[in-house]
Amino acid sequence: MSEHAASRTFYVALGISLLVLTAVTVFAAFVNLGPFNPVVALLIATIKATLVVLFFMHVKGASEKMTGAVVVSGFFFLAILLALAMADYLTRAWR
Amino acid sequence: MASAAIPAHPATERTNYLTNGFSVKSWLLTTDHKRIAVLYLISITLFFFLGGFFAMLIRLELLTPASDLMHTDTYNKAFTMHGMIMVFFFLIPVVPATLGNFLVPLMIGAKDLAFPRINLLSWYLYVLGGILITHCMLTGGVDTGWTFYTPFSTAFTNTKIIEAGLAAFVAGFSSIFTGLNFIVTIHRMRAPGLTWNRLPLFIWANYATSLIMILGTPVVAITIVLVAVERLFHLGIFDPRLGGDPLLFQHLFWFYSHPAVYIMILPSMGIISELITAFSRKRVFGYNFVALSSVAIAVIGFLVWAHHMFVAGISLYAAMVFSFLTFFVGVPSAIKVFNWTATLYRGSISYATPMLYAFGFIGLFTIGGLTGLFLATLGIDVHVTDTYFVVAHFHYVMVGGVLMGFLGGLHFWWPKISGRLYPEGWAKLSALFVFVGFNLTFFPQFILGYLGMPRRYADYSHMPEFQVLNVLSTAGSSVLAVGYLLPMIYFVWSLRYGPLADANPWAAAGLEWKTASPPPTFNFDETPVVTWEAYNYDEIELKEQKEVAVG
Amino acid sequence: MADSHATAVETAAHNPALLHHFADEQQQKDAASLGMWLFLVTEIMFFGGMFCAYLVYRVAHFNAFAAGSQQLSIGLGAFNTAVLLVSSLTVVLAVNAAQRGKRKQLVVYLVLTVVLGLTFLGVKAVEYAEKFEKHHVPGASFAFTESFDDNGKHIPVNPKEAELFFSLYFAMTGMHALHMIIGCGLFAGLAVLAWKGHYTPGYYTPIENAGLYWHLVDIIWIYLFPLLYLISRHS
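Because the structure is predicted, anything quoted here is derived from the model rather than measured.

Comments concerning the overall build of chain C
- Regarding its fold elements, chain C presents seven helices and two strands.
- Overall, chain C shows an N-to-C arrangement of helices and strands of α-α-α-α-α-β-β-α-α.
- Since a compact globule built from 235 residues should have a radius of gyration of about 18 Å, the 23 Å found for chain C marks it as more spread out than a globular shape.
- Based on the C-alpha atoms only, the size of chain C along its principal axes is roughly 75 × 35 × 30 Å.
- Considering only residue pairs separated by 6 or more positions, chain C has 76% of its internal contacts joining residues 24 or more positions apart.

Some details on the interface of chain B and chain C
- Contact residues are listed per partner, giving 39 residues for chain B and 36 residues for chain C.
- When contributions to the side of chain B that touches chain C are tallied by element, the ones reaching two or more residues are helix H1 (2-5), helix H7 (161-188), helix H8 (201-233) and helix H9 (246-280) of chain B.
- The element best represented in the side of chain B that touches chain C is H8 of chain B, accounting for ten residues.
- Residues belonging to the side of chain B that touches chain C are distributed by class as follows: 26 nonpolar, seven polar and six charged.

Topic: helix H17 (residues 537-550) of chain B
- Helix length check: H17 of chain B (14 residues) gives 20 Å between terminal C-alpha atoms against 20 Å at 1.5 Å per residue, within 8%.
- Burial analysis of H17 of chain B places just zero of its 14 residues in the buried class, a small minority of the element.

A look at the interface of chain B and chain A
- On the side of chain A, eleven residues touch chain B, which itself brings 14 residues to the contact.
- The element that contributes the greatest number of residues to the side of chain B that touches chain A is helix H11 (residues 316-344) of chain B, accounting for four residues.
- A class-by-class count of the residues in the side of chain B that touches chain A yields eleven nonpolar, three polar and no charged.

What about the packing of helix H4 (residues 74-100) of chain C against helix H7 (residues 205-229) of chain C?
All names here are of chain C.
- Relative orientation of the contacting elements H4 and H7 amounts to 160 degrees, with a least axis distance of 10 Å. When the axis of H4 is compared with that of H7, the two are roughly antiparallel. Here H4 and H7 pass one another in a crossing that is left-handed. Only Ile207, Glu208, Gly211, Trp214, His215, Asp218, Trp221, Phe225 and Tyr229 of H7 make contact with H4, whose side of the interface consists of Ile74, Gly77, Thr81, Leu84, Leu85, Ser88, Val91, Val92, Ala94, Val95 and Ala98.
- For the contact of H4 with H7, the per-class residue count stands at 13 nonpolar, five polar and two charged.

Things to note about the packing of H9 of chain B against helix H10 (residues 287-300) of chain B
Residues and elements named next belong to chain B.
- At a closest axis distance of 11 Å, the pairing of H9 and H10 adopts a crossing angle of 175 degrees. When the axis of H9 is compared with that of H10, the two are roughly antiparallel. Here Tyr262, Leu266, Met269 and Ser273 of H9 come into contact with H10, specifically with Val290, Ser294, Ile297 and Ala298.
- Of the residues contributing to the contact of H9 with H10, the split by class is six nonpolar, two polar and no charged.

Overview of the nonpolar core
- One finds Ile85 of chain B together with Ala94, Leu110, Leu168 and Ala171 of chain C to be the most contacted residues of the largest nonpolar core, which totals 285 residues.
- Viewed by domain, this core spans two of them, domain 1 (1-60) and domain 2 (62-95) of chain A, each represented by three or more residues.
- Every residue in contact with alanine 94 of chain C, bar those within four places of it in the chain, is listed here: Leu106, Tyr109, Leu110, Thr113, Ile207 and Gly211 of chain C.

Quick look at helix H12 (residues 353-376) of chain B
- With 24 residues, H12 of chain B should cover 34 Å at 1.5 Å per step; its first-to-last C-alpha distance of 34 Å lies within 8% of that length.
- Summarising burial for H12 of chain B: 17 of the 24 residues are buried, a large majority.

Section: the confidence of the model for chain C
Residue and element names in this part refer to chain C.
- The share of residues in chain C with pLDDT of 70 or more is 93%, and the mean pLDDT across the chain is 91.
- Under a pLDDT of 50 for its full length, residues 1-13 has, in the predicted model, 16 contacts with residues more than four places off or in other chains.
- If you check the scores for this complex, the pTM reads 0.94 and the ipTM reads 0.92.

Re the environment of leucine 18 of chain B
Residue and element names in this part refer to chain B.
- With respect to the helices, strands and loops of the structure, leucine 18 is situated in the loop between H1 and helix H2 (24-28).
- Accessibility expressed as a C-beta count within 10 Å gives 18 for leucine 18, which makes it partly exposed.
- Distance from leucine 18 to proline 519, taken between C-alpha atoms, is 8.5 Å for residues 501 residues apart in sequence.

Conventions we followed
- Residues numbered from 1 in each chain as written.
- Chains lettered and ligands numbered in written order.
- Predicted model: local features only at pLDDT ≥ 70, side-chain atom pairs only at ≥ 80, totals over all residues.
- Helix = DSSP H or I, 4+ residues; strand = E, 2+ residues; numbered from the N terminus.
- Rg over C-alpha atoms; globule rule 2.2 N^0.38 Å.
- Contact = placed C-beta atoms within 7 Å.
- Nonpolar A, V, L, I, M, F, W, Y, C, P; charged D, E, K, R; others polar.
- Expected span 1.5 Å × (residues − 1).
- Buried ≥ 20, exposed ≤ 12 C-beta atoms within 10 Å, placed from the backbone.
- Axes fitted to C-alpha atoms, helices over the stretch in contact; angles between N-to-C directions.
- Parallel < 35°, antiparallel > 145°, perpendicular 65-115°, else oblique.
- Left-handed = near helix turned anticlockwise from the far one by under 90°.
- Core = buried A, V, L, I, M, F, W, Y, C linked by C-beta atoms within 7 Å.
- Domains from an automatic or database assignment.
- pLDDT = per-residue confidence, 0-100.

Next comes the structure, spelled out in structure tokens:
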């Protein structure tokens, strides 16, 4: 039971850090970082998403060992779609 | 203990999945994967003949150079319906949803698929999609071709795009659920001892297919939704007037629809692997390569989609990359063909009907695949894009490949499905009809396409010299039609009059042959424990020889 | 084999939720979890098509996208992000309560999740209403006179391209909102079943899987917020 109580404290702490990261991303948007504004925004979003996937969705320590591979392959094929589509758009002689 | 706890089915040996309940409800609300496979088989056959009907209309129209059988607008709708029905309601579900549904749990020693109710749901979604497309067809149809290219589909045509799109969307979810079910089942429900490198190659093929279904189908689903909202709410995602790019539609569409051709061909390749090894009485040559080449085709298949867009206006550099990557799909495909032929070498080959279809598959798929490499070559593609060369190429893969594989598999497992043997003589005759009819129909189209006859035209009266080849093609299509109608007749005939089949009429390896024909509702009386490698025909032959020697 | 069959029958007697075709509860649980994750992958690819469109058009029409983004309310967007993150917390606490067999806590957390989900949708409705008032809804009455405020420079943008931004905005947030509506319905149903005591520490797979769905919808919003609301906001 104490293990569950500890995990509850952990969940709440995690929830708070996600809220803090949201505040950080809004703050960072108003600072001129040049081309790095979208990079920072997406980096923070990815940190938040990773926290949610690992701890709220219990991928870390899951009994089902495939879960990690499934998540990674999902994002991998999304990356293929984005990368190869952009390979066309970024190299067109006419735009 | 077990029999005391479950008194519901004591006489497992007497009742099988077909005799376990005769009411309509026992079929329409079944969660038995074998019954759902039969439901699929019936409904898919129905749509195959509907799609075939449109094919005959097209061939009849092209018998003469003028557009005299139907109006050109009607012709547009006819080939659209032919394409939509054949792609979404026949080729994509045909093998996974019928033979796959029936065999995946049997081949891995499971009682059922992991999610039986989702399996039933996927059949209902298929039927709903089928009703939608039929309604769409009867109330006006669609004239965009099965590809729904924008901006024609979003801004110009007044035909029933949204309903046809919805039909494809719903059928897409049916196939997503099938794929999801297969992946979970293959991962989680294998019998003890059935490791990954002991899995039948049909299972590997269906696994790879399911990956594509899961990863690709959602993309085409959202693309269809975006086309629909563009028509309904004027959200102009693909609208060039707003700076949108119609080519983006093609990117998203082909991201699914190119891998979709591997959804169609991979399960048939799995069937051929089973047939070749069973009728050569020999373990398949290079098991690991054949198994992994299925997965390789699935993955590489996602890297090549823009070869459908070479002349559409994509970047030349991107076109070169996609052309290069397309050649790579040829590698795992060739591995399969070489391994099949190597399996034949020094095998004890018997020429039963399924094997005839397997031989047909190898030859026709090789032609289809090689012409695919022609088309992957940028220079040739510019010359033959949107001609009958392309039509002939993909029919060699889709009809010569997928359909040959399906028919071969259906003959092979028919005794398991129905408990009856089909008439071998008639079956051989129909295999001959299919092979001859197919080549007569589609080989002239290679020549027509190379000479420059464009696809999707009802009228070629300004080039009457094309008529001879078109007449040949139409003649072939009637031979082909006879070849398809014959099995339909003798399969139904065999249900009543065919000789009873025993559990393993082909003396084949594989768990599905170790249970009764037809199998009991829960497949196996006792969960099998696998201690042997796949296709252990050497051991089977040895055992038979010993039995003969003792007898 | 007979032994394992016997134990399977015994556990079946213990747990009515164990379906006949699974050998044991662990197998059933793992299958359900794997199936749900595969479904989530299809959701990723479903939204992925729109993210691809977003990427292509943002690169092609950056100024219009920035100008459009500057018309969205950061306050409402950030508030909604916070609401969703807190709802993810209540979901994970609901799963935790289910694991411990605390029925009342479970119901409270499920209801809280629904309330937070409806809050999100309410705020979204307010934002949509504002778009209608400002004629920022694509279609015949679309009008866009604002320019892109880049470090105090006012760069005029093609209103057609801004319409493209709002097309994507409505497609993406609309599809997300549709998933939220489905999620709210799902959790309301779970709350009723949980109240009736359907879930025990031995069987709470539906709560867990619905939770996974909710988290994924949250993750999509985590990306939508910076991509739609935070383009070139610095001055």
